[in-house]
Amino acid sequence: MTVARTRRARSREMIPEYLLSEHQLEEMYYYMLLARRLSERMIALNRQGRAAFVIAGAGQEAAQVGAAMALQKGTDYLAPYYRDLGMNLVLGMTAREAMLNLLAKRDDPNSFGRQMPSHWGNTDRKIVTQSSVVTTQLLHAAGIGLAAKMRKDPIVVLTCCGEGSTSRGDFHEALNFAAIHRLPVIFYVQNNGFAITERSEKEMPVENVADRARAYGIQSAVVDGMDCVAVYQTVRPAVDQARRGAGPYLIEAKCYRLWPHSSDDDDSRYRTKKELEEWAKKDPVVVFRQRVENDGIFPREDLDEIEHRADEEIREAVQWSLMQPDPQPEDALGFVYKEL
Amino acid sequence: MAEITVIEAIRSSLEEEMALDDRIFILGEDVEAGGVFRATEGLRTKYPGRVIDSPLAESSIIGVSIGAAHYGLRPVAEIQFADFIHAGFDQLCSEASRWSYRTRGGAYLPMVVRTPWGGGVHGGQHHSQSIEAYYTHLPGIKVVAPSFPADYRSLLKAAIADPNPVLFLEHKRTYRLVRQDVTTGPAETVIGRSRISRKGSDLTIYAYGLMMHESLAAAEALAAEDIDCTVVDLLTLQPLDVETVLEAAKATGKALIVHEDTLTGGFGGEIAALIAEHAFEYLDAPVRRLCAPDIPAMPYHPNMEHFFMPDREKIAAAARELAAY
């Protein structure tokens, strides 16, 4: 049941205080909302016993949507990490596909039920298949960057990780390699404050991951990852610059993990309700809506309509995906080796 | 092309393939200057920009190769000594081996990792290792270990053409020791096939790398004693040519597996298990393994190095015992 409604065409003219158009701002809100509401629905399905595992990016929607919108869809590569639902949605993943992935259905285009949920990958969309191991993908991004540079293809690779994983060797090796060869790679660190239970002071002796970039001769920036507009305005120039051959860039988006690490985690062991309440006030999806509404970019009913549209898409996707076929046991076999 | 060494077989194959396909490039430590074993000598000048020195970081070499292969290039990575590949194990195990599997073939990695392995060069614990067993345990990776120059040529070319990650093991002791006229050498080899290099009726010896040469020498010596050996050159360890392995065991009823890797968990166990499982009724003797002793790695002093490694005398002794069983 869809509500028939004529949507006003959004202007593509730039709004000075945002340096973005109405069209872009609507997209931002839509994708942030879609990511959040999908994740909420996933948790509900987990609690109902219909989805074995959920790992989400609540609190990181602005960081993800703003950065992904700075890429050229279908041209640029994304080497993601497991919280990047928002990035995938911007780059073309549908709500249906997200649900197929959650439920490990036979036709999930990410891994066809072969990996845990949120282990992304879609060759057509230039989203690089990922594992559960953290920061290995940063070296893959460097390799894609090297290949593109050798072929003189004007593409950019954006690769993501959390701050916790920046202690691993592959993080440092990838920064080093990309810097030596001035590769078109954006290292995008989503600092959500937690590596499962550990705070960053147990992970690194410096305040910012971005500070580490200097040692590799890489330009870096810290951005408020709760502000989608600021994220876009920081990532976009870095992407443009990398495309022109200026080399890699490290951007650290400071955000906050609003939910436990995963559906299996109990965060009351390591953080207080009060802390959560403080951060909930900065919820990037809520704050964005308030801002565009207060600034008179969109009237309330338009924003309600966007929410309604996202909810309808999700409702339909859930119903549809639950009826999709599961993999057969023997689907475990095959494709161990690629045959051409 | 007259008689060439193993290293020349490798170098010439790289040179020829790079001429045919501009997606092929080389990444590794010191490769621009030709590499420490001279496998890439002259290639940088001939193919500018396609022979790339890497930082001294094995995970980088393999991880970057994965990315480049995913993009559509054909990286041939060099790990300077197999002993140092362990730092890149995660990239091969957690990533490369599963790339095709986890995407149902939607993404794949046409990449080769070449690396010198094996002992007999006074390389001590960290320049002598056999690493094959770690990687034969990773379906998704192909593991190739030739012995003769002609096979090095055809298998390296096949590895480059293969759409899957191939670990190409080069026995460093044989680099300049073994020569072969590759114009009249054996027919072209493909990945996944073993070869019965010598046919005899008394027992079957299985080997690869340097041990293949030692096994052939032992078989020659034993022939003078009227012990007639079949010798199987395994060539590819993963995926293994099970058919040839079993056929050779059934024909003689006695199997001797030789490798310079340590005994427990070594690749010989897989051959022994296959024979026990599928050729039991053909056997006239227990399957015998001749391998290095279970110590962490090859010791440096020549006395201990010789003690560690199987050789033609030890192989002949084991074969005599087995023949007499």
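Going by the structure above, here's the rest.
Note on numbering: residues in each chain are counted from 1, in written sequence order. Written order determines the labels here, with chains lettered from A and ligands numbered from 1. With the structure being a predicted model, the display of local features is reserved for residues of pLDDT at least 70 and the display and counting of side-chain atom pairs for 80 or more, all residues being used for whole-chain, interface and lining totals.

Caption draft 1: Up close: unusual backbone geometry. A cis amide bond links B:Gln238 to the next residue, B:Pro239, at an omega of 0 degrees. Structurally, B:Pro239 can be placed in the loop between strand E12 (236-238) and helix H9 (242-252). Unlike most non-glycine residues, A:Lys126 shows phi in positive territory, near 65 degrees. A run of H or I in DSSP becomes a helix once it reaches four residues, and a run of E becomes a strand once it reaches two; helices and strands are each numbered from the N terminus. Structurally, the position occupied by A:Lys126 is in the loop between helix H4 (95-102) and helix H5 (136-151). Its identity as a non-glycine residue notwithstanding, B:Arg38 has a phi of 70 degrees, on the positive side. Here B:Arg38 is to be found in the loop between strand E2 (24-28) and helix H2 (43-46).

Caption draft 2: Representation of the interface of chain A and chain B within the structure. Working definition of a contact: two residues with C-beta atoms, positioned from the backbone, lying within 7 Å. Tallying the contact residues gives 32 residues for chain A and 35 residues for chain B. Listing elements by their share of the side of chain A that touches chain B, those giving two or more residues are H5 and helix H6 (169-180) of chain A. The nonpolar class holds Ala, Val, Leu, Ile, Met, Phe, Trp, Tyr, Cys and Pro. Asp, Glu, Lys and Arg form the charged class, and all remaining residues, Gly among them, are polar. Here the residues of the side of chain A that touches chain B are counted per class, giving 17 nonpolar, 11 polar and 4 charged.

Caption draft 3: Structural detail: helix H11 (residues 300-322) of chain A. Residue and element names in this part refer to chain A. To estimate how far a helix should extend, the number of its residues minus one is multiplied by 1.5 Å. The end-to-end C-alpha distance of H11 is 33 Å, a good match for the 33 Å that 23 residues give at a rise of 1.5 Å each. For every residue, the other C-beta atoms within 10 Å of its own C-beta are counted; 20 or more classify it as buried, 12 or fewer as exposed, and values in between as partly exposed. C-beta atoms are placed from the backbone. Listing the buried residues of H11 in full gives Ala310, Ile314, Ala317, Val318 and Ser321. Buried positions along H11 lie against helix H1 (22-47) and H4.

Caption draft 4: Here's a closer look at the pairing of strand E7 (residues 166-171) of chain B. Residue and element names in this part refer to chain B. Buried residues dominate E7, accounting for 6 of its 6 residues. Side chains Val166, Phe168 and Glu170 project from E7 onto one buried face, and the interleaved Leu167, Leu169 and His171 project onto a second face that is buried too. Any two strands with at least two DSSP bridges between them are considered paired. Sheet topology note: the strand E5 (residues 112-117)/E7 ladder contains 6 bridges and is parallel. Bridging across to E7, Val113 finds its partner in Leu167. Across 3 bridges, the pairing between strand E6 (residues 142-144) and E7 is parallel. Residue pairing for E7: Lys142 is matched across the bridge by Val166. For a crossover, the right-handed case is the one in which the path from the first strand over the helix to the second runs clockwise, viewed with the strands pointing away from the viewer. Chirality of the crossover, the property in question, places the unit of E6, helix H7 (residues 149-161) and E7 among those that are right-handed.

Caption draft 5: A look at the sheet that holds E12(B). Residue and element names in this part refer to chain B. Strands sit in the order E3-E2-E4-E5-E7-E6-E12 across an open sheet of 7 strands; the sheet is mixed. Edge positions in the sheet fall to strand E3 (51-53) and E12, since each has one partner strand and no second. Strand-to-strand twist in this sheet, taken as the mean axis angle between neighbours without regard to direction, amounts to 20 degrees. Axes, fitted as lines to C-alpha atoms, cover a helix only where it is in contact. Angles between the N-to-C directions of the axes lie from 0 to 180 degrees. Most of the contacts of helix H3 (residues 58-71) go to strand E4 (residues 74-78), to which it runs at about 170 degrees, and overall it touches E2, E4 and E5.

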